[in-house]
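Each chain, written out:
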Amino acid sequence: MKHCSLLVFLFSLAAFVVAGRAADKHMLAIPGKVLYQNKFDEALGKPWKAAKGKWEVVDGVMRGSELEADKHGAVNRLQQKFSDFVIELEIKLEGARITTLSVNAVKDHMARIMISSNRVIVRRDDNDHDGPDKAVVFAVFPTKLKPGVWHKVRLEMVGDVMLGQVGELVAWGSDPLFNTPKVNPGLTVSGQSVDFRNFVIREAKLNPKWEQVKKGLPKPGEKVASAKKGKKPKKK
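Residues numbered from 1 in each chain as written. Predicted model: local features only at pLDDT ≥ 70, side-chain atom pairs only at ≥ 80, totals over all residues. Heavy atoms only, no water.

**Structural notes on the pairing of strand β9 (residues 119-124)**
Working step 1: Pairing analysis gives 5 bridges linking strand β8 (residues 109-115) to β9, with the strands arranged antiparallel. Bridge assignment links Met114 to a residue of β9, and that residue is Ile121.
Working step 2: Count of turn residues in the β8/β9 antiparallel hairpin: 3 residues.
Working step 3: Note that β9 and strand β10 (residues 136-142) share 6 bridges and pair antiparallel. By the bridge assignment for β10, Val122 is matched with Ala139. (Pairing = 2+ DSSP bridges. Helix = DSSP H or I, 4+ residues; strand = E, 2+ residues; numbered from the N terminus.)

**So, the packing of aromatic side chains**
Working step 1: All told, the structure shown has 9 aromatic pairs when counted by the stated rule.
Working step 2: Considering the side-chain rings of Phe40 and Trp48, the 5.5 Å spacing of their centres and the 75° angle between planes classify their relative orientation as edge-to-face. Neither Phe40 nor Trp48 differs from the other in exposure class; each is buried.
Working step 3: Arranged with centres 5.5 Å apart and planes meeting at 25°, the rings of Phe40 and Phe199 form a pair that is stacked. One end of the pair, Phe40, is in the loop between β1 (29-38) and β2 (48-52); the other, Phe199, is in strand β14 (residues 182-206), and 159 residues separate them in sequence.
Working step 4: Relative accessible area serves as the criterion here: at 0%, Phe40 is assigned to the buried category.
Working step 5: The rings of Tyr36, Phe40, Trp48 and Phe199 are connected pair by pair, giving a single aromatic cluster. (Phe/Tyr/Trp six-rings, centres within 6.5 Å; stacked < 30°, edge-to-face > 60°. Buried < 20%, exposed > 50% of the residue type's maximum accessible area, 1.4 Å probe, protein only.)

**A word on the layout of surface pockets**
Working step 1: In this structure, the second largest pocket spans a volume of roughly 200 Å³.
Working step 2: The set of elements that each furnish at least two residues to the lining of the second largest pocket consists of β2, β5 (74-78), β7 (85-104), β8 and β14.
Working step 3: Classifying every residue of the lining of the second largest pocket gives 4 nonpolar, 7 polar and 3 charged. (1 Å grid on protein atoms, 1.4 Å probe; cavity = no way out; pocket = protein on both sides within 12 Å on 5 of 7 lines; lining within 4 Å. Points joined across faces, edges and corners; volume = space filled by probe spheres on them. Nonpolar A, V, L, I, M, F, W, Y, C, P; charged D, E, K, R; others polar.)

**Topic: the side chain of Ser102**
Working step 1: Relative to the helices and strands, Ser102 is located in strand β7.
Working step 2: Among the polar contacts made by the side chain of Ser102, one reaches the side chain of Arg77 at a distance of 2.8 Å.
Working step 3: When residues no more than four places from it in sequence are discounted, the contact partners of Ser102 are Arg77, Ala111, Arg112, Asn184, Pro185 and Gly186. (Polar contact = N/O pair within 3.5 Å; in protein donor to acceptor, adjacent residues only side chain to side chain. Contact = heavy atoms within 4.5 Å.)

**Observations concerning the nonpolar core**
Generally speaking, a soluble globular protein has its nonpolar side chains buried in company with each other.
Working step 1: Counting residues in each nonpolar core, the largest one holds 41 residues, and the members touching the most others are Leu89, Leu155, Met157, Phe196 and Phe199.
Working step 2: Taken together, the elements giving at least two residues each to this core come down to β5, β7, β8, β9, β10, β11 (151-158), β12 (161-166) and β14.
Working step 3: Once you skip the residues sitting within four places of it in the chain, Phe196 turns out to touch Phe40, Trp55, Val61, Met62, Gly64, Leu89, Glu90, Ile91, Thr99, Trp150, Leu187 and Val189.
Working step 4: Core analysis: the second largest hydrophobic core is formed by 13 residues, Met27, Ala29, Val158 and Trp172 among them. (Core = buried A, V, L, I, M, F, W, Y, C linked by side-chain atoms within 4.5 Å.)

Set out below in structure tokens:
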């Protein structure tokens, strides 16, 4: 009987180790020391700056909600500058149409992960609004994210490459803009509400096995084309 119990324990331990290794798998970046960390269990003050919307602690986590009077999605940004980094946090959809984790360039937008209940988009942003520059979409993943359930989100930026991950969905892309300073990483909410927790930014250096890792990931733009092909034609 003791022998059987020992076997069960050893198998459980092995499964735990394997699962841990899978969860800790390095992608684009090797994370380093923590640059900023916040559990989001208390009201946000400096260095955060809320430009729009309502930001409050509900049941021990941060909730962002769009206000109809703003006529704009809720926005809250960390007023700091970074070079290469890894951002991780968890989100829970509570009625919002869409939420984003984004980072700006010095003068305009840079990149973001856009998340809704049925779609995840990883893209390089339009960097001059009304000018000639246009957003570049690296991937569009049709998905079904359950409301009221926590989902892990990860944004990695090293050199001229970004990688976005939501759960098991992963996409990457590169652009010279990413070589410039990254400022004011932030959260946006369009619609009702999104809950956020466990926000952390770490230093990052390039994973020496990145070239090998990216062979197992969709090429930039590949998932955009497949998403379009999957759309049903409109009825006339």
